[in-house]
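Examining the three-dimensional arrangement
As a plain string of letters, each chain reads:
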Amino acid sequence: MKNKFSIVIAGGGSTYTPEIILMLLDNLDRFPLRTIKLYDNDENRQNKLAKACEILIKEKDPSISFVATTNPQIAYTDVDFCLAHIRVGQLPMRELDEKIPLKYSVVGQETCGPGGIAYGMRSIAGVLENIDYMEKYSPNCWMLNYSNPAAIVAEATRRFRPHSRIINICDMPIGMENNMAKIAGLSSRKDMDVRYYGLNHFGWYTSIKDKSGYELLPKISEHVKQYGYVPSQYEYEHAKRDSWFETNLFTREIIKTDPTTIPSSYLKYYLFQDHVVNNSNIEYTRANEVMDTREKEVFSECKKIAEAGHSNGTTLKIGIHAEFIVDLAIALAYNTHERMLLIVENNGAIANLQDDAMVEIPCIVGKDGYEPLSIGNIPLFQKGLIEQQLAVEKLVVEAWAEHSYQKLWQALTLSKTVPSATIAKKILDDFIEVNKDYWPELR
Ligand code: NAD
Ligand code: LMR
């Protein structure tokens with residue numbers, strides 16, 4: 001690989017773009033850059049943060065060239081890595097994904113249940129389109145993709161672009177592992193080696209060892225049973241009780257369903273659907289919270305920087321979301337053989353699960369891509385849950401490809417979050433109405 005890398009961020013107008021750029025700029029010693037490009041299909045939105053990004057880059061290293069564009073050829077020509085985080089339909093469509101199921105007392109969530117299904121039907125074409133641009137203009141480029149819903153997107157890329165240089169990832173385990181490291185008294189999640197298996201937003205840790213090989217799971221499990229992923233008693237007593245606090249805390253209930261593992265906090269949407277619905281507000285969901293907080297804050301900080309011409313005193317900061325992709329790009333660029341959780345084709349890694357499942361498991365990453373670690377057989381409880389959810393995800397991708405109303409209805413009916421085929425049909429018909437500009441026409 002070259003000495004300095006060229007990067008395009010697809011979904012340049014994302015609220016996560018500035019924190020990714022700050023992370024890249026903080027890592028120039030281990031990951032030197034010559035170009036950073038932003039690419040989005042919404043010029044207005046991308047312009048809300050492009051100028052600020054340009055200033056951040058110039059302040060740190062004026063030799064890095066910066067481009068913000070809506071032209072795919074300019075964006076994808078001469079790039080080594082594409083960091084993709086697009087949201088097809090943007091946050092107003094997320095709001096509908098969350099609110100329509102809630103009308104029927106069904107979980108309304110970005111990636112889990114019906115909301116994730118609707119979002120998946122929008123995301124597939126957008127992600128495939130970006131892969132095609134990448135392959136046309138920079139065939140040796142790697143796409144590190146965390147566009148959601150990652151499980152459905154990963155299945156679509158497996159089906160329709162099986163030979164593409166795309167790696168599907170999620171930052172959710174990083175968040176959980178950061179908390180676990182704090183619980184265990186370690187300074188970084190990188191001081192741990194984990195064993196984990198499942199689908200995206202649907203998995204279990206079976207081992208968490210420190211670098212001397214000492215098993216930390218019992219200690220972490222004792223904490224999770226009392227405080228969930230809230231990392232300390234102090235935070236339990238003092239932290240702001242926002243939606244993430246509640247999600248982290250609720251893991252203390254999920255762990256009771258299998259005390260031998262540590263679960264993903266998102267399993268609450270599948271195992272405690274009634275609790276989730278009873279604690280949701282159809283007038284104000286997570287999409288509203290994101291629009292009122294993260295989106296407003298990021299855009300207004302970027303406006304301040306653009307107007308001042310400098311970033312002194314900015315509140316923009318590096319986020320965990322960004323750390324993972326930089327580590328992954330470095331592993332690919334420099335053959336570090338770092339162990340990372342990726343969403344990859346099973347191919348026997350989970351021995352008693354079908355080969356063509358896209359599973360989230362530890363992999364060793366080097367310059368030719370990733371090598372999955374073997375998991376072995378998984379217990380019946382997890383296997384049953386995974387197979388049901390996997391069938392949902394595969395049906396969504398088939399429904400998208402075949403324009404099939406029947407298969408999408410089956411997918412919704414099969415989702416553990418939906419109580420009956422009747423309710424599934426009502427949700428589907430409402431979704432079709434509002435997704436006309438994004439979904440294929442179903443027959
Ligand atoms: P956002 O709405 O702020 O930004 C997404 C951007 O993508 C928008 O500017 C939009 O115009 C652009 N876009 C949409 N379709 C496009 C296309 N076809 N080509 C190029 N650009 C396109 O979204 P966000 O809240 O910042 O989230 C971005 C993505 O990252 C979402 O998919 C979100 O679900 C995902 N995400 C993933 C993780 C993870 O680790 N897997 C964590 C958080 C968010
Ligand atoms: C969440 O709900 O926090 C995640 O889906 C990421 C986001 O968009 O905020």
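Residues numbered from 1 in each chain as written. Chains lettered and ligands numbered in written order. Predicted model: local features only at pLDDT ≥ 70, side-chain atom pairs only at ≥ 80, totals over all residues. Heavy atoms only, no water.

Here we take up the sheet that holds strand β7 (residues 192-199). Read from one edge to the other, the open sheet built from three strands follows the order β7-β8-β9, with strand pairing classed as antiparallel. The sheet is open, and its two edges are formed by β7 and β9 (262-263), each paired on a single side. For strand β8 (residues 202-210) and β9, the ladder comprises two bridges, and the chain directions are antiparallel. Within the sheet, the bridge partner assigned to tryptophan 204 lies in β9 and is proline 263. Contacts from helix α8 (residues 217-227) reach β8 and β9, with the element oriented near 130° to β8. (Pairing = 2+ DSSP bridges. Helix = DSSP H or I, 4+ residues; strand = E, 2+ residues; numbered from the N terminus. Contact = heavy atoms within 4.5 Å. Axes fitted to C-alpha atoms, helices over the stretch in contact; angles between N-to-C directions.)

In this section: the site of ligand 1. Ligand 1 sits among 28 residues. The nearest are Ser14, Asp40, Arg45, Tyr119 and Asp171. In this structure, isoleucine 86 approaches ligand 1 through a main-chain N or O atom, which is 2.7 Å from an oxygen atom. Here an oxygen atom of ligand 1 and a side-chain polar atom of tyrosine 119 are 2.6 Å apart. Among the residues forming the shell around ligand 1, the class breakdown is eight nonpolar, twelve polar and eight charged. (Near = heavy atom within 4 Å. Polar contact = N/O pair within 3.5 Å; in protein donor to acceptor, adjacent residues only side chain to side chain. Nonpolar A, V, L, I, M, F, W, Y, C, P; charged D, E, K, R; others polar.)

Time to look at the pairing of strand β3 (residues 65-69). Where strand β2 (residues 33-39) lies against β3, five bridges are found, and the strand directions are parallel. Bridge assignment links tyrosine 39 to a residue of β3, and that residue is threonine 69. With respect to chirality, the unit in which β2 leads through helix α2 (residues 43-60) into the neighbouring parallel β3 is right-handed. (Right-handed = clockwise from strand over helix to strand, strands pointing away.)

Summary statistics for the protein chain give a mean pLDDT of 97 and a share of 99% for residues scoring 70 or more. Taking the mean pLDDT of every element in the protein chain, the minimum, 87, falls on helix α14 (residues 320-334) and the maximum, 99, on helix α16 (residues 405-414). Interface confidence for the predicted complex, expressed as ipTM, amounts to 0.95; the pTM equals 0.96. (pLDDT = per-residue confidence, 0-100.)

For helix α10 (residues 243-254), spanning twelve residues, the distance from its first C-alpha to its last is 16 Å, which sits close to the expected 16 Å at 1.5 Å a residue. Turning to α10, its buried residues are Phe245, Thr247, Asn248, Leu249, Phe250, Thr251 and Ile254. (Expected span 1.5 Å × (residues − 1). Buried < 20%, exposed > 50% of the residue type's maximum accessible area, 1.4 Å probe, protein only.)

Let us now look at the site of ligand 2. With respect to spatial proximity, the complete set of residues near ligand 2 consists of Tyr16, Arg87, Arg94, Glu110, Trp244, Arg286, Val290 and Arg294. One nitrogen or oxygen atom from the side chain of tryptophan 244 is found 2.7 Å from an oxygen atom belonging to ligand 2. Between arginine 286 and ligand 2, the recorded distance is 2.7 Å, taken from a side-chain N or O atom to an oxygen atom. For ligand 2, whose free accessible area comes to 250 Å², the fraction covered by protein is 88%. Among the elements that line the shell around ligand 2, the one with the most residues is helix α13 (residues 286-308), at three residues. Here the residues of the shell around ligand 2 sort into three nonpolar, no polar and five charged. (Areas by Shrake-Rupley, 256 points an atom, 1.4 Å probe, with all protein chains shown as cover.)

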